Amino acid sequence: MAKPSDLRAKTDDQLSADLGDLKREAFNLRFQAATNQLERPARIKEVRRDIARIKTLQGERARAAK
């Protein structure tokens, strides 16, 4: 789970890359859940929240740039 303070220290490009990685992981976790191969079901929730944290921070930065 990423901490907001750690995310704020990253650049926009790093955040975009992390977001892509997390979306890919979420996709893979959904497939594992569908085939009953999921080892840590709580990881789905963690990934979703990390995605939300990054999107929130990107929105804040976009509004601040205006």
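Preceding this paragraph is the structure being described.
Per chain, the residues get numbers from 1 upward, laid out in the order the sequence is written. Reporting in this predicted model follows two pLDDT cut-offs: at least 70 for local features of residues, and 80 or more for side-chain atom pairs to be given and counted; totals over whole chains, interfaces and linings ignore these cut-offs and use all residues. Processing note: side-chain calculations cover all non-hydrogen atoms of the structure and skip hydrogens and water entirely.

Asker: An account of the overall build of the protein is requested, with residue identities and associated values reported.
Answerer: Helix and strand definitions follow DSSP, with helices as H or I runs of at least four residues and strands as E runs of at least two, each counted in order from the N terminus. Each helix and strand counted, the protein has 3 helices and 0 strands in total. For the protein, the succession of helices and strands along the chain, N to C, is α-α-α. For the C-alpha atoms alone, the extent of the protein along its principal axes is close to 45 × 15 × 15 Å. A 1.4 Å probe rolled over the protein chains alone gives each residue an accessible area, and that area as a share of the maximum for its type sets the label: buried under 20%, exposed over 50%, partly exposed in between. When burial is assessed residue by residue, the protein has 20% of its 66 residues classed as buried. In what follows, residue pairs with any heavy atoms lying within 4.5 Å of each other are defined as contacts. For the protein, the share of sequence-separated contacts (at least 6 apart) that also reach a separation of at least 24 residues comes to 70%. For the protein, the accessible area works out to roughly 5,000 Å², and carbon and sulfur atoms hold 52% of it. Charge centroids of the protein, computed over 16 positive and 10 negative side chains, lie 6 Å from each other. Accessible surface is estimated by sampling points in the Shrake-Rupley manner with a 1.4 Å probe; for residues, cover comes only from the protein chains shown. A positive count includes Lys and Arg, and a negative count includes Asp and Glu. His and the chain ends are not counted in either. Note on charges: their place is set at NZ of Lys, CZ of Arg, CG of Asp or CD of Glu.

Asker: For the packing of aromatic side chains, give the residues involved together with the corresponding values.
Answerer: Each pair of aromatic rings taken from Phe, Tyr and Trp, with Trp reduced to its six-membered ring, is defined by centres within 6.5 Å and is described as stacked if the planes are under 30 degrees apart, edge-to-face if over 60, and tilted in the remaining cases. By the definition in use, this model includes 1 aromatic pair. Plain terms: the ring middles of Phe-27 and Phe-31 are 4.9 Å apart, the flat faces sit at 55 degrees to each other, and that makes the pair tilted. Here the residue Phe-27 and the residue Phe-31 both occupy positions in helix α2 (residues 12-34), the gap between them amounting to 4 residues, near one helical turn. Overall, the relative accessible area of 40% leaves Phe-27 in the partly exposed class.

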